[in-house]
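# Topology and contacts: notes
Listed here are the chains, written in short residue letters.
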Amino acid sequence: MDERLRGAVERALGAKLGRTRRLAGGDISEAFLVELADGRRVFVKSLPSAAPSMFLAEARGLAWLAEARALRVPEVLAVGSEVPFLALEYLEPGAPCAGFDEALGRGLAALHRAGAPRFGLEHPNFIGRLAQDNTPEPDWPTFYRARRLAPLVRELDLARRDRFERLFARLPELVGPAERPARLHGDLWSGNLHRAPEGEPCLIDPAAYGGHREVDLAMMRLFGGFSERVFDAYAEAYPLAAGHAERVPLYQLYPLLVHVGLFGAGYLGSVDRALAALGATR
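Read on for an overview of the structure. In this text, all values refer to a predicted model and were calculated from it rather than measured experimentally. (Residues numbered from 1 in each chain as written. Predicted model: local features only at pLDDT ≥ 70, side-chain atom pairs only at ≥ 80, totals over all residues. Heavy atoms only, no water.)

Let us look at the pairing of strand 5 (residues 85-89). Most of strand 5 sits inside the fold, with four of its five residues counted as buried. Bridge count between strand 3 (residues 41-46) and strand 5: five bridges; the pairing is antiparallel. Bridging from a neighbouring strand, Lys 45 pairs with Leu 86 of strand 5. As defined by bridge partners, strand 4 (residues 76-80) adjoins strand 5 across four bridges and the pair is classed as antiparallel. (Buried < 20%, exposed > 50% of the residue type's maximum accessible area, 1.4 Å probe, protein only. Helix = DSSP H or I, 4+ residues; strand = E, 2+ residues; numbered from the N terminus. Pairing = 2+ DSSP bridges.)

The next point concerns the layout of surface pockets. In this structure, the largest pocket encloses a volume near 1100 Å³. If you list the elements that add at least two residues to the lining of the largest pocket, you get strand 2 (30-36), strand 3, helix 2 (54-67), strand 5, strand 6 (125-127), strand 9 (193-195) and helix 8 (248-263). Per-class residue counts for the lining of the largest pocket are 28 nonpolar, nine polar and eight charged. In this structure, the second largest pocket spans a volume of roughly 170 Å³. Around the second largest pocket, the lining is made up of 14 residues, and of these Leu 217, Arg 221, Phe 231, Leu 240 and His 244 lie nearest the centre. Secondary structure elements with two or more residues in the lining of the second largest pocket: helix 6 (214-222), helix 7 (228-237) and helix 8. Residue classes in the lining of the second largest pocket are distributed as nine nonpolar, one polar and four charged. (1 Å grid on protein atoms, 1.4 Å probe; cavity = no way out; pocket = protein on both sides within 12 Å on 5 of 7 lines; lining within 4 Å. Points joined across faces, edges and corners; volume = space filled by probe spheres on them. Nonpolar A, V, L, I, M, F, W, Y, C, P; charged D, E, K, R; others polar.)

Right, let's get into the pattern of salt bridges. According to the stated counting rule, one finds 23 salt bridges in the structure shown. Linking Asp 205 and Lys 45 is a salt bridge whose minimum nitrogen-to-oxygen distance equals 2.8 Å. Taken together, the residues span a long stretch of sequence, with Asp 205 in the loop between strand 10 (201-203) and strand 11 (209-211) and Lys 45 in strand 3 at a distance of 160 residues. Given a relative accessible area of 25%, Asp 205 falls into the partly exposed group. Among the salt bridges present, the one from Glu 137 reaches Arg 147, with a minimum N-O distance of 2.9 Å. Of this pair, Glu 137 sits in the loop between strand 7 (130-132) and helix 4 (140-155) while Arg 147 sits in helix 4, and the two are ten residues apart along the sequence. A network of salt bridges, in which partner residues are shared, links Arg 72, Glu 89, Glu 198 and Glu 200. (Salt bridge = Lys/Arg side-chain N within 4 Å of Asp/Glu carboxyl O.)

The next point concerns the packing of helix 6 against helix 7. It is at 11 Å that the axes of helix 6 and helix 7 come closest, and there the two elements cross at 165 degrees. Of the possible angle classes, the one that applies to helix 6 and helix 7 is roughly antiparallel. In the crossing of helix 6 with helix 7, the sense of the turn from one axis to the other is left-handed. Seen from helix 6, the contacting residues are Leu 217, Met 220 and Arg 221; seen from helix 7, they are Glu 228, Val 230, Phe 231 and Tyr 234. When the residues that make up the contact of helix 6 with helix 7 are grouped by side-chain class, the tally is five nonpolar, no polar and two charged. (Axes fitted to C-alpha atoms, helices over the stretch in contact; angles between N-to-C directions. Parallel < 35°, antiparallel > 145°, perpendicular 65-115°, else oblique. Left-handed = near helix turned anticlockwise from the far one by under 90°. Contact = heavy atoms within 4.5 Å.)

The end-to-end C-alpha separation of helix 3 (residues 100-114) is 21 Å, in line with the 21 Å expected for 15 residues at 1.5 Å each. For helix 3, the complete set of buried residues consists of Phe 100, Asp 101, Leu 104, Gly 105, Gly 107, Leu 108, Ala 109, Leu 111 and His 112. On its buried face, helix 3 sits against helix 2, strand 8 (182-184), strand 9, strand 10, helix 6 and helix 7. Downstream of helix 3 by a residue or two, Gly 115 has a phi angle that is positive, lying close to 75 degrees. (Expected span 1.5 Å × (residues − 1).)

Right under this line is the structure:
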């Protein structure tokens, strides 16, 4: 941890820092376990090139998820903008508790049921390093097209615009029955699921907003890491509408486009397969 970051964290927490240890696992940011002079241990993540609002938006997202009292999220301790960082309570990873998968499924159902005032959020945020526009829209098909898929299709200049335009024309019939906005984590892959010290599931690194609940579930299936017990427990607690399995490729399109933006063209084959599954052929 460099001296500039160290000083910013000390000022924000009002405590001297002792030992710091770099932690592995962050795809975007640097992560540290910090011991304070008063004995507390704190998790700090930092990205020198981050937009000034990046970690503030993440902190607000964590607080919004915590309001639902559905699944544990780490407590926010401090946020830095001039020197971009986020300080959270440190949760030592524990062994999975009995019924961990079922607790995750039921907890995610409760989080989604907590709902959101609208499709969107009152402030923008980020998914990885990419800005995410959460300007509310009156209905889900409009939001998913205008605030999720279309901006990335334009920004990435994909040679697939005609296919996406055909998909956009059919979105109202493809998105499924109308549902009220769910409170979404927004970036729910296995790397953003943590085990708290007592072994219970804990959510980290959100890209939160109000949206369709099948978005979180589709992303959970995209890269694996979640057992069928999780999905079964979710469905028992909050049954899904008919046709949800056929909508998985639709709701995986957004994270796939995000991965194209973050990691390159290697994900375009997966984008093409999702489009083909939805009938958006060449």
